[in-house]
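Structural overview for review
Below, each chain spelled out in residue letters.
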Amino acid sequence: MAGKHLPSSLARARLTSPRGLLAAASLLLLLVSASYFLLLSPSSPGGLASPSSASAADTAFLASLDRFLASPRRSASTAAAPADLDAAIRDDEEARLYGGAWPAAPAPLRVYVYEMPSRFTYDLLRLFRDSYRETTNLTSNGSPVHRLVEQHSIDYWLWADLIAPESQRLLKNVIRVRHQEEADIFYVPFFTTISYFLLEKQECKALYREALKWVTDQPAWQRSEGRDHVIPVHHPWSFKSVRRFVKKAIWLLPDMDSTGNWYKPGQVYLEKDVILPYVPNVDLCDSKCVSETQSRRSTLLFFRGRLRRNAGGKIRSKLVTELKDAEDIVIEEGTAGAEGKVAAQNGMRKSLFCLNPAGDTPSSARLFDAIVSGCIPVIISDELELPFEGILDYRKIALFVSSNDAVQPGWLVKYLRSINAKRIREMQSNLLKYSRHFLYSSPARPLGPEDLTWRMIAGKLVNIKLHIRRSQRVVRESRSICTCDCRVGNNTKIDIVGFANLNRISCKVDLPSSKCISCTANLASSGPILAWMLIPKSS
């Protein structure tokens, strides 16, 4: 009964009994626990935590720490790094890539496709279809116009897949959204390459200006300054007259061309842009073809194409001089049209290795012709950047040779003959597996170039959002010193004299106090680095 006291003798009897001792211990434990948690409560002096909806044990640091220290030690057993860590990582990546588990994206990339006026899209496609199928239409350097348009037609393949009915699409990691507020990325479907080749010069420039105004007037562009917009500029001359106004957008490129002949420093870089493969000029040599041609690959090294090129392609004439009389090597001038395609295709299918030197730009469609032909590429292009290299390991399908080594008398032939038969078979097998990554198709297929393009862009998404949000809160004109990124050439060897003509570069920055800024190319002690420091001059 409430308020009634037990006789002392009875109380002592209960406490000395086993049941009484247990009850007393339980009561004491409850009192200590209550006092402890009251001490930790913010409502008590010096309190540290509040239980709120969760128990105090879930949110109180001291309680959690006590439990952690009182519990048995937990340690995960770790294995030592394998002898060849890089090979182990590559094997794991490939297992995930071809097992359907790469990458484990939480949600599809959401792309908004602009509905541009037909003069930028359908009209140009019709013009190409109706007027420029004949190989007699050649550029000034003898290349057939229709083939150049086709090998740079990445804008068509991506757009055609994005706007296809969802029921007909095979790609699930990228979806088209109809509302701009739902989009991660905005796609600009302007056919920059077709317009460059098929329109008169002034007409093309006028259309470029119209496209520029149309895109930059869009609210989404103005919000992000184009950082989340994708623009296909796959031919090195396409969209050239207005590129400086869209340099913050994501460009789809054939290479970076760090020589500065085609793409200017500060306009293109790997953190922002995506390298896409050319459309192959030759037919795919599938598993049956590879099996049938295996015994007929008697040519050690094959090259068919223009033997003299400008800019970085000057290496070709040196290679011709070095290799023209070597045994089991075929070096021949290319020809335009269907006959030239057949000759190149047959030559590649009869060869173990295919030479891929730099042309006017570091890249060439010939690389992808070799891959789909089962011919191991020998890449001699020191400044080349490759498509999807964050996903694909080209060392499994190609040999990389520095320009300096390649032109040494007898060096290249000796090196190729030293490649053992086992490695050749492995690389040929990998070529067959990798060829799917370079074949554009409609509908676009999983792990095809369209799919890998969106995977690469999805990987940039967090950084894109970071720069958009940062640009929205940074006070304009608050910074007076800007720094260009240091660009490190991927040359394996380089003559320092080669930097002589790069010691004065004209740059501009968007600062009111700056006019024209001179930049100096510096060599760091660790290797050749072009470092551009932009310091605005006083007005």
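Structure: see above.
Report on the accompanying structure. Source: prediction; values computed, not measured.

**Re the overall build of the protein chain**
Helix and strand counts for the protein chain stand at 19 helices and 17 strands. Looking at the 539 residues of the protein chain, the share that counts as buried comes to 44%. Considering only contacts in the protein chain between residues 6 or more positions apart, those separated by 24 or more positions represent 67%. For the protein chain, the accessible surface area stands at approximately 29,600 Å², while carbon and sulfur atoms represent 55% of it.

**Regarding the packing of aromatic side chains**
In this description, an aromatic ring pair is defined by two values, namely the gap between the centres and the angle between the planes. Here the structure, examined in full by the defined rule, presents 19 aromatic pairs. Residues F190 and F239 carry aromatic rings whose centres are separated by 5.7 Å and whose planes lie at 65° to one another, so their mutual orientation is edge-to-face. Of the two residues, F190 is situated in the loop between β3 (185-187) and α9 (192-198) and F239 in the loop between β4 (229-232) and β5 (250-253); the sequence distance between them amounts to 49 residues. Residue class for F190 comes out buried when judged on its relative accessible area of 3%. Judged by centre distance (6.1 Å) and plane angle (35°), the rings of Y278 and F368 are tilted. Here Y278 is found in the loop between β6 (274-275) and α12 (287-293), whereas its partner F368 is found in helix α15 (residues 366-372), with 90 residues between them in sequence. Accessibility assignment for this pair places Y278 and F368 in one class, buried. Directly above the ring of W251 sits K272, whose terminal nitrogen or CZ lies 4.8 Å from the centroid.

**Things to note about the sheet that holds strand β1 (residues 109-113)**
Spatial ordering of the open sheet is given by β2-β1-β3-β4-β5-β6, a layout of 6 strands whose pairing is parallel. Strands with a single pairing partner mark the edges of an open sheet, and in this sheet they are β2 (174-177) and β6. In this structure, β3 lies alongside β4, joined through 2 bridges in parallel fashion. Across the sheet, the residue bridging to Y187 is V230, located in β4. Strand contacts of helix α19 (residues 449-473): β1, β2, β3, β4, β5 and β6, with the helix running at about 95° to β1, the strand carrying the most contacts.

**Observations regarding the environment of R119**
For R119, the location among the structural elements is in the loop between β1 and α6 (122-131). R119 gets classed as partly exposed once you look at its relative accessible area, which sits at 39%. Between the alpha carbons of R119 and A211 there is a distance of 9.4 Å; along the sequence they are 92 residues apart. R119 has contacts with L124, L207 and E210, leaving out every residue within four places of it along the chain. A distance of 2.8 Å separates a polar atom in the side chain of R119 from a polar atom in the side chain of E210.

**A closer look at the sheet that holds strand β9 (residues 351-357)**
Taken in spatial order, the 5 strands of this open sheet run β8-β7-β9-β10-β11, and their pairing is parallel. Of all the strands in the sheet, the pair left with one neighbour each is β8 (329-333) and β11 (399-400). Here strand β7 (residues 299-305) pairs with β9 via 3 bridges, running parallel. Counterpart to L301 in the pairing with β9 is F353. The strands touched by helix α14 (residues 337-349) are β7 and β9; relative to β7, the strand with the most contacts, the crossing angle is about 160°.

**As for α19**
In this model α19 runs 36 Å from its N-terminal to its C-terminal C-alpha over 25 residues, within 8% of the 36 Å that 1.5 Å per residue would give. Its axis deflected by about 45° at L461, α19 carries its strongest bend there.

**Overview of the nonpolar core**
Ranked by size, the top nonpolar core spans 65 residues in total, and within it Y187 and F190 carry the most contacts. When residues of this core are assigned to their parent elements, the largest contribution, 6 residues, is made by helix α10 (residues 201-216). Excluding residues within four positions of it along the chain, F190 makes contact with M116, F120, L124, D155, S195, L207, Y208, A211, P232 and F239. Formed by 44 residues, the second largest nonpolar core is a distinct cluster that contains L352, I376, M427 and L431.

**Describing the state of the cysteines**
In the structure shown here, the tally under the stated rule is 2 disulfides. Two residues, C285 and C289, share a disulfide whose sulfurs are 1.9 Å apart. Note on the C285 and C289 pair: the S-S dihedral is about -95°, so by sign convention the disulfide is left-handed. According to the relative accessible area criterion, C285 is buried, its value standing at 2%.

How each quantity is defined
- Residues numbered from 1 in each chain as written.
- Predicted model: local features only at pLDDT ≥ 70, side-chain atom pairs only at ≥ 80, totals over all residues.
- Heavy atoms only, no water.
- Helix = DSSP H or I, 4+ residues; strand = E, 2+ residues; numbered from the N terminus.
- Buried < 20%, exposed > 50% of the residue type's maximum accessible area, 1.4 Å probe, protein only.
- Contact = heavy atoms within 4.5 Å.
- Areas by Shrake-Rupley, 256 points an atom, 1.4 Å probe, with all protein chains shown as cover.
- Phe/Tyr/Trp six-rings, centres within 6.5 Å; stacked < 30°, edge-to-face > 60°.
- Lys NZ or Arg CZ within 6 Å of the ring centre and 35° of its normal.
- Pairing = 2+ DSSP bridges.
- Axes fitted to C-alpha atoms, helices over the stretch in contact; angles between N-to-C directions.
- Polar contact = N/O pair within 3.5 Å; in protein donor to acceptor, adjacent residues only side chain to side chain.
- Expected span 1.5 Å × (residues − 1).
- Bend = angle between axes of the 7 residues up to and from the residue.
- Core = buried A, V, L, I, M, F, W, Y, C linked by side-chain atoms within 4.5 Å.
- Disulfide = S-S within 2.5 Å.

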